[in-house]
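For reference, the chains in residue letters:
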Amino acid sequence: MNPRLLLPLLAAGLGAALIYPWLVPNYLVTVGMLMFFSAFIGQSWNISGGFAGQTSFGHAVFFGVGAYTSTILQVSHGWNPWIAWIAATAMGGVVGCAIAAMAFRAGLRGSYFALITLAFAEVFRILANSVPFTRGGLGMLIKSDPRPGNFQFKDPIWLYYLALALCVVSLVVAWQLTRNRFGARLVAIRENEEAAQALGINTFRWKMLAVVISSAMTALSGVFFAFFYNNLFPEQIFHISRSIEIILGPIIGGVGTLFGPILGAAVLTILSDG
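The structure reproduced in this document is the subject of the present report.

What counts, and where the lines are drawn
Residues numbered from 1 in each chain as written. Predicted model: local features only at pLDDT ≥ 70, side-chain atom pairs only at ≥ 80, totals over all residues. Heavy atoms only, no water. Phe/Tyr/Trp six-rings, centres within 6.5 Å; stacked < 30°, edge-to-face > 60°. Buried < 20%, exposed > 50% of the residue type's maximum accessible area, 1.4 Å probe, protein only. Helix = DSSP H or I, 4+ residues; strand = E, 2+ residues; numbered from the N terminus. Lys NZ or Arg CZ within 6 Å of the ring centre and 35° of its normal. 1 Å grid on protein atoms, 1.4 Å probe; cavity = no way out; pocket = protein on both sides within 12 Å on 5 of 7 lines; lining within 4 Å. Points joined across faces, edges and corners; volume = space filled by probe spheres on them. Nonpolar A, V, L, I, M, F, W, Y, C, P; charged D, E, K, R; others polar.

Remarks on the packing of aromatic side chains
As enumerated under the stated definition, the model contains 13 aromatic pairs in all. When the centroid spacing of 5.4 Å and the interplanar angle of 75° are considered together, the rings of Tyr160 and Tyr161 count as edge-to-face. An identical accessibility class is assigned to Tyr160 and Tyr161; each is buried. Ring plane angle 45° and centroid distance 4.6 Å describe the contact between Phe225 and Tyr229, whose orientation is recorded as tilted. One end of the pair is Phe225 and the other is Tyr229, both in helix α9 (residues 203–229) and four residues apart, which spans about a single turn. Grouping aromatic residues by their ring pairs yields a cluster made of Tyr20, Phe36, Trp158, Tyr160 and Tyr161. Here the guanidinium or amino end of Arg105 rests over the ring plane of Phe204, the centre of that ring lying 4.0 Å away. Just above the ring of Phe104 sits the side chain of Lys207; from NZ or CZ to the centre is 4.3 Å.

Rendered as structure tokens:
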């Protein structure tokens, strides 16, 4: 699409999104929030699974790491939720880096990489059910205290705007990938990794970076989930159904496209709400 036409359309869409919660009842505000949240998490997966071609069936592991890290830091150690959010995002990137390093060093790609991520999600589910600091199958509860400093809000409009901000940030990140050399290298790796190596592209380095960014963003979405629902259970967080929910949006809207995760999230939200 012509950039001269695209930018006004994006500005109009953002303007409509900003005024939307003031025109509808609270229930529809929550629906809009869930749509933007789904778009953000779908775009997070799209960075590695779409642009870089590193399909993951286990992104629930990063989602869960973010959710549990922030909750444990707040509930068990008294951290401020906003600081715990930063730590949880970093932890998601670290876990993503570790899993990707092991997989890529072993030469795993394609369906093999997808399966190894699925296996790690299952391992983390078992661990979360077993270790004492996650309280196992009993789950973890976050005390209800609706104040902004606790990342809890009485009015859903603020969570809506936060989800919208996350969606916009993820869109900007994806847009940058379509315009710079990093994104071009990822596309080259996705289309033909051997040819990319022959051209002098360090495929290991760029695949690693894509997975780390994707896993950190997915961990961020896990934090949002935890503080929206105020409870965590291993079967709820690390189950394969969570990974499927993450990848459905990009698949429906278009894997490796800029607006695919947003379109997919809108379709899924409308269908589930209907």
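Now that the structure has been shown, we can carry on.
Quick word on the layout of surface pockets
Using a probe with the size of a water molecule, rolled over the atoms, empty space left in the structure can be pinpointed. Quantified by volume, the largest pocket comes out at close to 730 Å³. Along the wall of the largest pocket there are 23 residues; nearest its centre are Leu6, Leu10, Leu171, Phe259 and Ile262. Mapped onto the lining of the largest pocket, the elements with two or more residues apiece are α1 (3–19), α2 (26–51), α6 (156–177) and α12 (260–273). For the lining of the largest pocket, the leading source of residues is α1, giving eight residues. Residues that form the lining of the largest pocket fall into these classes: 21 nonpolar, one polar and one charged. Size it by volume and the second largest pocket reaches roughly 470 Å³. For the second largest pocket, the lining is made up of 21 residues, of which Leu34, Phe37, Ser38, Glu245 and Thr269 are closest to its centre. Looking at the lining of the second largest pocket, the elements with two or more residues in it are α2, α9, α11 (240–253) and α12. Among the elements that line the lining of the second largest pocket, the one with the most residues is α2, at seven residues. Its residues assigned to classes, the lining of the second largest pocket comprises 14 nonpolar, five polar and two charged.

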